[in-house]
Amino acid sequence: MRKVEVRLGSNSYNICVGSGLLIQTARQLKENGFAGKLVIITNPIVKRLYGNALKQGLAREGFKVTVLQVPDGEEQKSLEVAGRLYNELTDFYCERTTPILALGGGVIGDLTGFVAATYLRGVPLIQIPTTLLAQVDSSIGGKVAVNHGRLKNKIGAFYQPRLVISDISTLRTLPTKEFIGGLAEVIKYAVIRDEEFFTYLERNLDKIKSLDEGALEEIVFRVAKIKAAIVEEDEKDLGLRNILNYGHTIGHAIESASDFKVEHGEAIAIGMLAEGIISNKLGILDKNELIRLKGIIQRADLTTELPNLEVEKIIQAIKHDKKILRGKIRFILPKTIGKVFITDEVSPSLIEQVLVSWNEET
Ligand SMILES: NC(=O)c1ccc[n+]([C@@H]2O[C@H](COP(=O)([O-])OP(=O)(O)OC[C@H]3O[C@@H](n4cnc5c(N)ncnc54)[C@H](O)[C@@H]3O)[C@@H](O)[C@H]2O)c1
């Protein structure tokens, strides 16, 4: 098992990464000072795969465990579902010191995190992510939220977990499309921060796609380290943490212009490539680097095809994006592989040009 420490003063915590960690959860909890009662929040799919065994393992070690379930799906990230969970926690006499374990992907992690942050003004949160996206991204850094009306992820808090346990063996049961979607975020981390890691991905992509445990542990560990370093510098997303939005300005616009028919990972892949092309057109990103970027996206089985959407609809969605600052559109663009910069100097006409001539550009 490898550990990454997220150093945030009194809110510091460890991220444990390795294979077969779920069965060691009781030991990890005891080492972090937890005993007695605890709650697991999960969904039926993950409960069947891992929840029952986790519960039994914890019970054997003397924990008194209650499992609460929410149905699968993004729509469960709501105030209504959070309200139902508050009632269930109350029925279970959950106290300020009772830890809540979020067992599942980003949906369960965000929702459970929101509930943990708000119930009794905050109870200990343990993230046990079981998707690649959750292991490399959503379980780290303390952004917890629900959706509300048109506000996606906007009702929430910064609430750091007390511990993250990323058992990479859980990725074996993940549907391929979810795994590939998570790879888009892995590539993002390499592009924004670590050229050497990008080269590692280029050399080991086949191993990663065949779910080689050594390679999976390496990518989850390395991304956790990168994210931890960014969060340590900018916990509340007021500056540096913005770079995590690379690929997301155009990516989110594509998701929203397609009424969320285009998968998140696919949209981010197109966004990363589009923002690479924009950087190249501005004379910043070298053509060879752009070719490497496109190559890794394709080899990861992510699309580089622009979905059949009106360009104007995408542009309008970009303009409505949350990253518009004082009327300007904010972009995170690659300078080289491993370094990005933040700019609001990209004109809508350049974006349009890149999208309209997509097939020639790519
Ligand atoms: N908090 C953050 O910083 C942050 C960052 C990125 C994304 N997010 C959020 O994360 C969510 C997306 O997360 P996600 O991609 O993990 O989706 P998800 O939680 O919906 O999980 C994807 C699917 O995989 C299933 N699943 C989970 N683990 C499994 C396993 N080991 N084997 C088989 N099936 C499994 C789930 O039941 C679900 O059907 C979004 O709501 C997004 O807003 C949050």
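Before reading on, note that the structure itself is shown above.
Note that the structure is a prediction, hence the values are computed from the model and not measured.

Student: Help me out: how do you make sense of the pairing of strand E1 (residues 2-6) in this one?
Tutor: Looking down a regular strand, the side chains alternate between one sheet face and the other. Pairing geometry for E1 and strand E2 (residues 13-18), over five bridges, is antiparallel. Considered in E2, the bridge of Val4 is made with Ile15. Hairpin connection between E1 and E2: a loop of six residues separates the two successive antiparallel strands, and Gly9 in this loop has a positive phi of roughly 60°.

Student: Please clarify how helix H3 (residues 79-91) should be interpreted in this entry.
Tutor: An α-helix turns once every 3.6 residues. As a result, residues three or four positions apart point the same way. The terminal C-alpha atoms of H3 lie 18 Å apart, and with 13 residues this matches the ideal 18 Å at 1.5 Å per residue to within 8%. Every buried residue of H3 is accounted for by Val81, Ala82, Leu85 and Leu89. Buried residues of H3, seen end-on, are gathered within an arc of 100° and therefore sit on one face of the element. Residues Glu80, Asn87 and Asp91 are exposed on H3 and point more than 90 degrees away from its buried face. Elements in contact with the buried residues of H3: strand E3 (37-42), strand E4 (64-69), strand E5 (100-104) and helix H4 (106-118). Of the residues trailing H3, Tyr93 is marked for its positive phi of about 55°.

Student: I keep staring at the side chain of Thr303 and nothing clicks. Help me out?
Tutor: In this fold, Thr303 is placed in the loop between helix H11 (287-299) and helix H12 (311-319). For Thr303, the side chain forms a polar contact with the main-chain nitrogen of Glu305, separated by 2.9 Å. Ignoring anything within four residues of it in the chain, the contact list for Thr303 reads Glu266, Ala269, Ile270 and Ile297.

Student: What is the right way to read the site of the ligand from this model?
Tutor: The full set close to the ligand counts 26 residues, and Asp72, Glu74, Thr130, Thr131 and Thr173 are the nearest of them. The contact in question runs from a nitrogen atom of the ligand to an N or O atom on the side chain of Asp110, over 3.0 Å. Here a nitrogen atom of the ligand sits 2.7 Å away from a polar atom, N or O, in the side chain of Thr130. If the ligand stood free it would expose 870 Å²; the protein chains cover 85% of that surface. Broken down by secondary-structure element, the contributors of at least two residues to the shell around the ligand are helix H2 (44-60), H4, helix H5 (132-138) and strand E8 (151-158).

Student: Would you explain the pattern of salt bridges in this entry?
Tutor: Side chains that differ in sign of charge can pair as their charged atoms come close. With the rule as written, the count across this model stands at 23 salt bridges. Taking the shortest distance from any N to any O, the salt bridge between Glu232 and Arg7 comes out at 3.2 Å. Pair noted here: Glu232 is in helix H8 (residues 213-233) and Arg7 is in the loop between E1 and E2, with a separation of 225 residues, a long-range link. Owing to a relative accessible area of 24%, Glu232 belongs among the partly exposed residues under this scheme.

Student: Please explain the packing of aromatic side chains as it appears in this structure.
Tutor: We describe a pair of aromatic rings using the distance from one ring centre to the other and the angle between the two ring planes. Applying the stated criterion to the full structure yields two aromatic pairs. Plain terms: the ring middles of Tyr86 and Tyr119 are 6.1 Å apart, the flat faces sit at 15° to each other, and that makes the pair stacked. Residue Tyr86 is located in helix H3, and its partner Tyr119 is located in the loop between H4 and strand E6 (125-129); the two are separated by 33 residues in the primary sequence. The exposure class of Tyr119 is buried, given its relative accessible area of 9%. Geometrically, the ring pair formed by Phe197 and Tyr200 is stacked, given 6.3 Å between the ring centres and 20° between the ring planes. On the criterion of helical spacing, the pair formed by Phe197 and Tyr200 is a turn pair, its members being three residues apart in helix H7 (residues 195-209). What makes Phe197 buried here is its relative accessible area of 0%.

Student: Can you walk me through the nonpolar core in this structure?
Tutor: Taken as a class, soluble globular proteins show a tendency for nonpolar side chains to be buried jointly. Among the nonpolar cores identified, the biggest contains 84 residues, and Leu132, Leu201, Ile208, Ile219 and Ile351 are the most heavily contacted of them. Ranked by residue count, the leading element in this core is H8, at eleven residues. Setting aside its immediate chain neighbours within four residues, Ile219 contacts Leu132, Leu183, Val186, Phe197, Tyr200, Leu201 and Ile208. In terms of nonpolar packing, the next biggest core, distinct from the first, is built from 23 residues, Ile41, Leu111, Phe114 and Ala117 among them.

Student: Is there a simple way to think about the packing of H7 against H11 in this case?
Tutor: The packing of two helices is summarised by the inter-axis angle and the distance between the axes. At a minimum axis distance of 10 Å, the contact between H7 and H11 shows a crossing angle of 25°. Compared by their axis directions, H7 and H11 come out roughly parallel. Helix-helix and strand crossings are classified by hand; for H7 and H11 the assignment is left-handed. Here Glu195, Phe198, Thr199, Leu201, Glu202, Leu205, Asp206 and Lys209 of H7 lie close against H11, whose contacting residues are Arg292, Leu293, Ile296 and Arg299.

Student: I would appreciate a short explanation of the packing of helix H10 (residues 264-281) against helix H13 (residues 348-356) in the present structure.
Tutor: Taken N-terminus to C-terminus, the directions of H10 and H13 make an angle of 120°; their axes are 10 Å apart at the nearest point. Once H10 is placed against H13, the crossing between them reads as right-handed. Listed contacts from H13 to Ala274, Ile277, Ile278 and Lys281 of H10 are Leu350, Ile351, Gln353 and Val354.

Each value, and the rule that gives it
Residues numbered from 1 in each chain as written. Predicted model: local features only at pLDDT ≥ 70, side-chain atom pairs only at ≥ 80, totals over all residues. Heavy atoms only, no water. Pairing = 2+ DSSP bridges. Helix = DSSP H or I, 4+ residues; strand = E, 2+ residues; numbered from the N terminus. Expected span 1.5 Å × (residues − 1). Buried < 20%, exposed > 50% of the residue type's maximum accessible area, 1.4 Å probe, protein only. Arc of directions from axis to C-beta. Contact = heavy atoms within 4.5 Å. Polar contact = N/O pair within 3.5 Å; in protein donor to acceptor, adjacent residues only side chain to side chain. Near = heavy atom within 4 Å. Areas by Shrake-Rupley, 256 points an atom, 1.4 Å probe, with all protein chains shown as cover. Salt bridge = Lys/Arg side-chain N within 4 Å of Asp/Glu carboxyl O. Phe/Tyr/Trp six-rings, centres within 6.5 Å; stacked < 30°, edge-to-face > 60°. Core = buried A, V, L, I, M, F, W, Y, C linked by side-chain atoms within 4.5 Å. Axes fitted to C-alpha atoms, helices over the stretch in contact; angles between N-to-C directions. Parallel < 35°, antiparallel > 145°, perpendicular 65-115°, else oblique. Left-handed = near helix turned anticlockwise from the far one by under 90°.

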